[in-house]
Amino acid sequence: MSILIDKNTKLMVQGITGNEGLFHTQQMLTYGTNIVSGVTPGKGGEWVLNGKIPVFDSVRIAVDATGANTSIIFVPARYAPDAIFEAADAGIELIVCITEGIPVQDMMRVRNYIEQKGARLVGPNCPGLLTPGESKVGIIPGDIAITGNIGVVSRSGTLTYEVLYALMLENMGVSTCVGIGGDPINGTNFIDCLSLFEEDLHTDRVILIGEIGGTDEEKAAEYIATHMSKPVAAFIAGQTAPPGKHMGHAGAIVEGGSGLAVDKIRALEEAGVKVAKHPEEIPSLFS
Amino acid sequence: MKLHEYQSKQIFSKYGIPIPKGKVAATAQEAKLIAEELGSRVVIKSQVLVGGRGKAGGIMLAKTPEQAEEVASQIFAIEIKGLPVRKVLVDEAAKIDKEIYLGITNDRAARRPVMMASAAGGVDIEEVARNNPEQIIKVHIDPLLGLRDYQSRDIAAGIDLPRELWRMFGQIAASLWKVYIDCDATLAEINPLVITSDHQLLALDGKMVIDDNSLFRHPELAEMRDLDVEAPSEIEARKYGLSFIKLDGNIGCMVNGAGLAMTSMDIIKLFGGEPANFLDIGGGATADKVSAALRIILSDSNVKAVLFNIFGGITRGDEVARGILTALEEVKSDIPMVIRLVGTNAEEGRAILRNADMITAGTLVEAARKAVAVASGEQIR
């Protein structure tokens with residue numbers, strides 16, 4: 001019914017004793033995610049959330065003790081790269097990094113390292129993943145999406161919530177929603193998710209939510225034209241953004257005439273993708 | 001964050017990259033003294049953070065100290081693309097045989113740094129990239145290995161640099177790489193790197209952009225920020241951890257999340273309005289942050305309406321509502337406000353705002369339509 005996360009996900013939370021880590025661990029637990037352990041160096045041996053989840057000093061110890069196969073990172077930007085390296089080194093297959101504000105050179109080193117390790121990173125600067133009814137690994141509100149056959153992949157956070165909510169109001173459900181994050185260099189990109197959705201038996205159409213900056217949407221368009229049999233609808237944010245400014249996300253910037261919304265929309269439309277004028281229009285593109 | 005030419009070149013020099021003799025002046029008189037000290041022909045260069053300084057009359061030669069003073073006072077008197085000239089760099093004029101380009105930047109698509117060089121230096125490199133891309137040599141650098149010597153040699157050969165300069169070029173390339181890494185630059189550029197008439201390499205101009213996200217580990221660079229390039233409201237917003245960009249329209253926007261904030265601007269435009277700003281109040285925004293944000297929006301006299309679009313996730317609707325009430329008590333504004341509140345604690349938020357004089361909307365489209373209408377003077381409730 002999904003990609004990347006499902007009922008079998010055994011989640012570990014890095015930075016579990018921090019404010020955000022603890023709050024969202026509770027939220028994920030309430031949603032039904034199988035959280036097996038947490039990591040905070042120096043707090044090994046403690047238990048959090050009324051003794052429900054054990055805390056370990058390192059990822060490796062947590063993996064050995066609890067068999068976690070997925071990690072979510074709520075660690076401040078200056079420590080987050082290390083947390084990702086640690087998770088990749090301990091053999092975690094899927095690493096989800098929520099942290100915003102990681103320096104881009106750190107991300108280039110991270111990205112090249114995890115490729116060597118064969119791990120998959122989602123994020124950073126992302127809301128994580130949601131497979132409605134099965135597992136939530138991230139901060140997407142659980143009550144704005146229902147189970148269904150639409151795959152969603154997005155560079156944004158709240159804009160994604162907006163789309164999920166619009167779908168739910170039309171009684172349209174989601175197989176998995178992946179927030180790939182708003183940084184210029186991230187782990188998993190559009191094409192990775194599109195190919196997973198294309199292979200997933202329970203996804204029959206896909207929504208892509210992009211924004212200004214970079215050329216990932218253009219590359220996705222090329223991929224859709226040549227590799228996708230399932231229909232794709234899209235929305236691109238930032239048509240009114242001025243050039244040379246970071247629009248909140250580090251990666252959302254039009255530079256030297258590159259990364260414009262209009263080019264992305266044109267590329268997608270040429271690939272046969274229906275592009276919505278605003279997010280609330282998306283559900284109608286599928287009917 | 002962009003650095004000035006003189007700041008970039010000081011950093012280059014620290015790393016052993018040869019730069020012309022020179023100093024920064026804040027007055028024409030200082031420029032004269034520096035020219036006297038240098039005792040040669042000088043070039044006076046305005047220090048502003050925009051391109052096209054030469055064309056705007058911001059870079060001029062002077063043969064004598066008196067002429068340096070005169071030229072500098074002319075440069076101090078002009079504005080370049082709206083920016084005042086507060087400092088000039090007085091450099092010894094170089095005898096130039098040839099100009100080349102050398103720079104390092106992040107290649108987003110390749111997820112690696114890329115070193116670029118061109119025999120066509122001294123001109124806008126983006127233009128060269130557009131019109132004559134074959135004139136640019138690009139070498140990607142493994143971020144885990146760093147720049148290797150053979151790569152510098154490949155670049156030197158690729159731009160037909162005379163062999164006797166390869167060693168010196170290699171040292172400059174290695175130093176520029178070190179600058180790029182040590183300063184967390186997203187761009188470190190020498191344009192032009194010149195071959196002088198006595199066959200030396202010299203970095204005549206320098207440009208650096210520092211990754212804003214890295215400033216926590218570069219306090220010395222953070223201090224170099226030039227506030228002239230930012231609107232006062234943007235500087236104020238940064239104090240509160242708000243992501244704010246001033247625009248020219250008349251509908252103020254307060255949104256949580258960058259993507260949704262851009263989308264809200266786009267929808268305003270779609271329905272015939274013009275956004276006055278981009279504003280992302282961030283996840284988990286508290287009441288005092290919201291109230292600061294509203295004050296900043298209302299300080300723009302162009303603003304004729306404000307659109308709030310809050311999709312609660314980590315951000316709670318009741319918290320935002322309390323912030324709005326606090327701000328309205330402080331600012332006392334009769335500018336019409338349209339609010340759409342969805343998600344976490346939205347009900348509670350709406351209840352808090354029940355008695356506030358605000359126009360409510362259920363959907364994004366409805367909110368944008370109403371904001372555009374009231375901004376143009378229509379009455380709706």
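Residues numbered from 1 in each chain as written. Chains lettered and ligands numbered in written order. Predicted model: local features only at pLDDT ≥ 70, side-chain atom pairs only at ≥ 80, totals over all residues. Heavy atoms only, no water.

Caption draft 1: Just the overall build of chain B, in detail. Looking only at helices and strands, chain B has 13 helices and 19 strands in total. Principal-axis analysis of the C-alpha atoms gives chain B an extent of 80 × 50 × 35 Å. Out of the 381 residues in chain B, the part that is buried amounts to 53%. Summed over its atoms, the accessible surface of chain B is roughly 16700 Å², and 49% of this surface lies on carbon and sulfur atoms. (Helix = DSSP H or I, 4+ residues; strand = E, 2+ residues; numbered from the N terminus. Buried < 20%, exposed > 50% of the residue type's maximum accessible area, 1.4 Å probe, protein only. Areas by Shrake-Rupley, 256 points an atom, 1.4 Å probe, with all protein chains shown as cover.)

Caption draft 2: Inspection of the domain arrangement of chain A at higher detail. Residue and element names in this part refer to chain A. Parsing chain A into structural domains produces domain 1 (11–122) and domain 2 (140–285). Its C-alpha centre places domain 1 at a distance of 26 Å from the equivalent point of domain 2. The partner domain 2 presents 13 residues to the ten residues of domain 1 that form the contact. Taking both partners together, domain 1 and domain 2 bury about 930 Å²; carbon and sulfur atoms supply 55% of that area. Between the two partners, domain 1 and domain 2, sit zero salt bridges. Summed over the shared surface of domain 1 and domain 2, the number is three residue pairs in polar contact (both at pLDDT 80 or more). Of all the secondary structure elements, the ones that give two or more residues to the side of domain 1 that touches domain 2 are α4 (104–117) and β7 (120–122). Counting residues per element, the side of domain 1 that touches domain 2 draws most heavily on α4, at four residues. When the residues that make up the side of domain 1 that touches domain 2 are grouped by side-chain class, the tally is seven nonpolar, no polar and three charged. (Domains from an automatic or database assignment. Contact = heavy atoms within 4.5 Å. Buried area = accessible area lost by both parts, 1.4 Å probe. Salt bridge = Lys/Arg side-chain N within 4 Å of Asp/Glu carboxyl O. Polar contact = N/O pair within 3.5 Å; in protein donor to acceptor, adjacent residues only side chain to side chain. Nonpolar A, V, L, I, M, F, W, Y, C, P; charged D, E, K, R; others polar.)

Caption draft 3: Quick peek at the side chain of Gln14 of chain A. Residue and element names in this part refer to chain A. Among the structural elements, Gln14 can be located in strand β1 (residues 11–14). Judged by relative accessible area, which is 2%, Gln14 ranks as buried. Reaching out from Gln14, the side chain makes a polar contact with the backbone oxygen of Ala83 at a distance of 3.1 Å. Not counting chain neighbours up to four residues away, the residues in contact with Gln14 comprise Val39, Val59, Ser71, Ile72, Ile73, Phe74, Val75, Ala83, Glu86 and Ala87.

Caption draft 4: The side chain of Thr70 of chain A, seen in detail. Residues and elements named next belong to chain A. In this structure, Thr70 sits in strand β5 (residues 70–73). The exposure class of Thr70 is buried, given its relative accessible area of 3%. What Thr70 contacts, discounting residues up to four positions off in sequence, is Thr9, Lys10, Leu11, Met12, Ile92, Leu94 and Val137.

Caption draft 5: The arrangement of the interface of chain A and chain B in detail. On the chain B side, the residues contacting the 56 residues of chain A number 47 residues. In total, chain A and chain B occlude about 4100 Å² of area from one another, counting both sides; carbon and sulfur atoms represent 61% of this. Applying the counting criterion to the chain A and chain B interface returns four salt bridges. The closest approach of N and O atoms between Arg217 of chain B and Asp106 of chain A, which form a salt bridge, is 3.0 Å.

Caption draft 6: Structural context of unusual backbone geometry. Of note, the amide linkage connecting Gly123 of chain A to Pro124 of chain A takes the cis form, showing an omega dihedral of 5°. Note on placement: Pro124 of chain A falls in the loop between β7 and β8 (128–131). In this chain, Asn191 of chain B is followed by Pro192 of chain B through a cis amide linkage whose omega measures 10°. With respect to the helices and strands, the residue Pro192 of chain B is situated in strand β11 (residues 185–196). With a phi angle near 60°, Asp160 of chain B is a residue other than glycine that sits in the positive phi range. For Asp160 of chain B, the position within the fold is in the loop between α5 (149–158) and α6 (166–182).

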